[in-house]
Amino acid sequence: MSPDGTPTPYWMQGNLAPVMEEVTAFDLPVEGSIPPDLRGLYARNGANPREGHSGHWFLGDGMVHGVSLLDGKAEWYRNRWVRTPRFERRNLPPSPFDIRSSVANTSVMAHAGRITALVENALPMELSRELDTLGFLDYGGKLQTPCTAHPKICPLSGELHFFGYSVRPPFLTYHMADATGALARSIEIPVQAATMIHDFALTAGHVVFMDLPVVFDMAMAMRGTMPFRWSDSYGARLGILPRGAGIEALRWVEIEPCYVFHVANAFETADGSIVVDVAWYQDLWRGGPSSSSFESARLKRWRIAPDAAKAAEELLDERTIEFPRIDERRTGQPHAIVHAIATNGDVAGDTPSALVQYDLDRGRSSVHEFGPSGLPSEFVMVPAPGGAAEDDGWVMGFVYDRTRDASDLVILDAHRIDAEPVARIGLPRRVPQGFHGSWMPDASPPSFAHKL
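The following refers to the structure shown. Model, not experiment: these values are computed from the prediction.

Rules of the game
Residues numbered from 1 in each chain as written. Predicted model: local features only at pLDDT ≥ 70, side-chain atom pairs only at ≥ 80, totals over all residues. Heavy atoms only, no water. Phe/Tyr/Trp six-rings, centres within 6.5 Å; stacked < 30°, edge-to-face > 60°. Helix = DSSP H or I, 4+ residues; strand = E, 2+ residues; numbered from the N terminus. Buried < 20%, exposed > 50% of the residue type's maximum accessible area, 1.4 Å probe, protein only. Lys NZ or Arg CZ within 6 Å of the ring centre and 35° of its normal. Pairing = 2+ DSSP bridges. Axes fitted to C-alpha atoms, helices over the stretch in contact; angles between N-to-C directions. Lys, Arg positive; Asp, Glu negative; His and termini not counted. Salt bridge = Lys/Arg side-chain N within 4 Å of Asp/Glu carboxyl O. Polar contact = N/O pair within 3.5 Å; in protein donor to acceptor, adjacent residues only side chain to side chain. Contact = heavy atoms within 4.5 Å.

1. Observations regarding the packing of aromatic side chains
Centre-to-centre distance and the angle between the planes together describe a pair of aromatic rings.
(1) Moving on: In total, this model carries 19 aromatic pairs according to the counting rule given.
(2) Moving on: Ring centres of F58 and W285 lie 6.0 Å apart, and the angle between their planes is 55 degrees; on these two criteria the pair is classed as tilted. Here W285 lies in the loop between β21 (274-281) and β22 (298-304) and F58 lies in the loop between β3 (40-47) and β4 (62-70), a separation of 227 residues in the sequence.
(3) Moving on: Ring centres 5.5 Å apart and planes at 35 degrees place the aromatic pair W81 and F87 in the tilted group.
(4) Moving on: By relative accessible area, which is 4% here, F87 ends up buried.
(5) Moving on: By the ring-pair criterion, three or more aromatic residues cluster together here, those being Y10, W11, W57, F58, Y259, F261, Y281, W285 and F435.
(6) Moving on: For the cation-ring pair, R78 lies above W76, with the distance from its terminal atom to the ring centre recorded as 4.2 Å.
(7) Moving on: Across the ring face of F136, the terminal group of R100 is positioned such that the distance to the ring centre comes to 5.5 Å.

Below you can see the structure in the form of structure tokens.
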């Protein structure tokens, strides 16, 4: 039961339940062999409420779990809470209007020598390579909106493209930081109302925004739960803005009402069409955000012809999946390979699931089953140095092992994901089911300390 006597919600059960200690362990045990080319840090973020409970899975304090790899060895494992002002001073009430009212619990990534923990309603929080919190990153005071948990790095320019959405005007603002990490562009995107915008898409020539019918509800915000709900009347559309253009070049394309948390990738074809692959929900939270409602996402493709008023839609697979990832060297470029977690009914559940590798060009897929005791979270693609193909390298992610009530960092050969793991790195404790992570090769950023 919860502290207030109500039934324990799903996000407090099984391997979704938080862990309450920070741990450091060195020279981790390894089954198999870690490829010596893997030199860097794998880190993944997730909600881990300090008090042991929260009003929704998405609302717990951020905790980052990381494993450092060097010369075929697993140097260390660390898990650290992100020490936001709300974490340090628990009397600070949450506010949907304050971009420093952060739990920093959704993703972790590196750009321009900085590692940041991200949540979509607040500023980024900078971390050291050892996962200690350094403070807010606001680009010298220039960033005045939240930052999405899903920025995109253009592999050609090194630019970081991102956006912030807000529950009061401006509802949506697009930003770009250059390869040096300087904020170079901010532009308001006109939308009808405050909606939950978790992700977006980037191509070689365009930015694509999703304006979808999960809308802000102030009454829900005042109750301390997820302040969004499904709307049958809002509609759904994609906003397409040429990169570098003014807002007058923005155009909107209609899609069928739906919700999307996660975009796999987007690209342009020779005829000028834009293709966007997403984890697609027919709807979300009709019963309110306290129900998990994560059981129905499937891989879908939107194809937007030049000057089309409506996107063509194609379901690519009937399996329920989430957390789609690509080789990020292909961000904004044509891709064939997508990795996703097959949820077996519910990404927020505690049932066995698998990793699926889609080859969309060939119309086939491969699966790695983790067995009845294995529960994976998101896997990321790690390219081999010098490898050109999308499956030249490895995929890695945390897998909870029920038999020992602890987790492993599992590394698979991307050429043969259905084979036995290349390496299984034993962690000293379990890693709760969380959200998003990154591989940061040779991650050793300089220290940029900011005051909280």
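2. Some thoughts on the sheet that holds strand β23 (residues 312-315)
(1) Moving on: Reading across the sheet, the four strands line up as β20-β21-β22-β23 and stay open at both edges, with antiparallel pairing between neighbours. This sheet does not close on itself; its edge strands, each paired only once, are β20 (259-268) and β23. Going across the sheet, the axis of each strand differs from the next one's by a mean of 25 degrees, ignoring polarity.
(2) Moving on: Where β20 meets β21, eight bridges bridge the pair, whose relative direction is antiparallel. Within β21, the position partnered with F267 by the bridge is V275.

3. Quick word on the side chain of R80
(1) Moving on: Along the polypeptide, R80 turns up in strand β5 (residues 73-81).
(2) Moving on: An unpaired buried charge is present at R80: no salt bridge exists, and D132, the closest side chain of opposite charge, is 4.3 Å distant.
(3) Moving on: Side-chain polar atoms of R80 contact the side chain of T24, separated by 2.5 Å.
(4) Moving on: Contacts of R80, omitting those with residues within four sequence positions, involve E22, V23, T24, G62, M63, V64, E130, L131 and D132.

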